[in-house]
Amino acid sequence: MPATAILFAKVCFLMLAMSSLCYGHSEHHHKTISAHKHGEAEMSIAIEGEDVEIDLQGSAADIVGFEHKAHKDDEKLKLAQAKLKLQAARSIFQFEGGDCKLLEHNSDFSAVEDKRSNIADHIHTTHINIPEAKQHSDINAHYHFKCTNIDSLKSLSININEIFPAIEKTDVSWIKNQHQGHEKLGKNHSKVIFK
Ligand SMILES: [Zn+2]
């Protein structure tokens, strides 16, 4: 074996040994044990001045169909598709009044995203199995709308269960100035009315 090949093998072995250590470590920190129920999502809506901030938290099972790190190509595709669906704020949220426009959106798929793709490929090709933590994984999305006519804002329809049919119920808490409310949205009830 040429010297370079031996060196490569040594480096490779070292990287694998280190990556499995790193793997266990990062799993521990990034995967939080959450008490989510499959089929149910949570949403908070905060309206202050002209700003409407919406946070959505759902189980990865409901949004992408699994809760482990996406290793396979079809799993990575599901993540990309779900991100696009969440990004399409107009299809999820319909404001009645308000003249609201989306200013900012971001989503957090880190619980199911595999950031170590090269190492993971290496592990897969060498058939080293590292057990996945059997925990729940959440996906979060954030939306910031600016509403130039906030006084005319009457309601918000939320079609999250049409976009992600596995989400059967959405627990919504909202706060608008001094008022606040709570709604359980489902198939036949998708509107939050702001009093
Ligand atoms: Zn779960």
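These numbers come from a predicted model, not from an experiment.

Criteria and cut-off values
Residues numbered from 1 in each chain as written. Predicted model: local features only at pLDDT ≥ 70, side-chain atom pairs only at ≥ 80, totals over all residues. Helix = DSSP H or I, 4+ residues; strand = E, 2+ residues; numbered from the N terminus. Buried ≥ 20, exposed ≤ 12 C-beta atoms within 10 Å, placed from the backbone. Contact = placed C-beta atoms within 7 Å. Expected span 1.5 Å × (residues − 1). Arc of directions from axis to C-beta. Pairing = 2+ DSSP bridges. Axes fitted to C-alpha atoms, helices over the stretch in contact; angles between N-to-C directions. Core = buried A, V, L, I, M, F, W, Y, C linked by C-beta atoms within 7 Å.

Focus on the overall build of the protein chain
Then comes step 1: From N to C terminus, the protein chain includes 6 helices and 9 strands.
Then comes step 2: Counting all 195 residues of the protein chain, 23% fall into the buried class.
Then comes step 3: The contacts in the protein chain between residues at least 6 apart in sequence include a share of 73% that link residues at least 24 apart.

Focus: helix α3 (residues 73-87)
Then comes step 1: Between the first and last C-alpha of α3 there are 21 Å, a value that for 15 residues agrees with the 21 Å anticipated at 1.5 Å per step.
Then comes step 2: Listing the buried residues of α3 in full gives Leu79, Ala82 and Leu86. The buried residues of α3 occupy an angular sector of 70° when the element is viewed end-on, so they sit on one face. When the buried face of α3 is taken as reference, the exposed residues oriented beyond 90 degrees from it are Asp73, Asp74, Leu77, Ala80, Gln81 and Leu84.
Then comes step 3: Of the surrounding elements, those touching the buried residues of α3 are α2 (60-63), β4 (98-108) and β5 (138-149).

So, the sheet that holds strand β9 (residues 191-193)
Then comes step 1: Strand order across the open sheet formed by 3 strands is β3-β6-β9, with antiparallel pairing between neighbours. Edge positions in the open sheet fall to β3 (93-96) and β9, since each of these has one partner strand only. Looking at each pair of strands side by side, their axes are set apart by 20° on average, direction ignored.
Then comes step 2: Where β3 and strand β6 (residues 155-158) come together, 4 bridges link them in antiparallel fashion. Of the residues in β6, the one forming a bridge with phenylalanine 95 is leucine 156.

Brief notes about unusual backbone geometry
A negative phi angle is the norm for most residues apart from glycine, just as the trans form is the norm for most peptide bonds.
Then comes step 1: In this structure, aspartate 99 is a non-glycine residue whose phi angle is positive, near 50°.
Then comes step 2: Relative to the assigned elements, aspartate 99 resides in strand β4.
Then comes step 3: Here the phi dihedral of asparagine 177 falls at roughly 50°; this positive angle occurs in a residue that is not glycine.
Then comes step 4: In this fold, asparagine 177 is placed in the loop between β7 (169-176) and β8 (179-185).

Topic: the sheet that holds β4
Then comes step 1: One open sheet accounts for 6 strands, arranged β4-β5-β2-β1-β7-β8; its pairing is mixed. The outermost strands of the open sheet, each flanked by one partner alone, are β4 and β8. Recorded for the sheet is a direction-independent mean angle of 15° between the axes of neighbouring strands.
Then comes step 2: Strand direction decides the pairing type here: strand β1 (residues 40-48) and strand β2 (residues 51-59), joined by 7 bridges, are antiparallel.

Observations concerning the nonpolar core
Then comes step 1: Of all hydrophobic cores here, the largest spans 35 residues; its most connected members are Ile45, Val112 and Val192.
Then comes step 2: Of all the secondary-structure elements, those providing two or more residues to this core are β1, β2, α2, α3, β5, β6 and β7.
Then comes step 3: Not counting residues up to four positions away in its chain, the partners in contact with isoleucine 45 are Val52, Ile54, Leu156, Val172, Trp174 and Val192.

Structural notes on the pairing of β6
Then comes step 1: Burial along β6 is one-sided: the residues Leu156 and Ile158 are buried and none of Ser155 and Ser157 is.
Then comes step 2: As paired strands, β6 and β9 are joined by 3 bridges and run antiparallel to one another. Paired with serine 155 across the bridge in β9 is isoleucine 193.

A closer look at the environment of glutamate 50
Then comes step 1: Inspection of the secondary structure puts glutamate 50 in the loop between β1 and β2.
Then comes step 2: Put simply, glutamate 50 and aspartate 151 are 101 residues apart on the chain and 9.0 Å apart in space, counted from C-alpha to C-alpha.
Then comes step 3: The contacts of glutamate 50, once residues within four sequence positions are left out, are Lys146, Cys147, Thr148 and Ile150.

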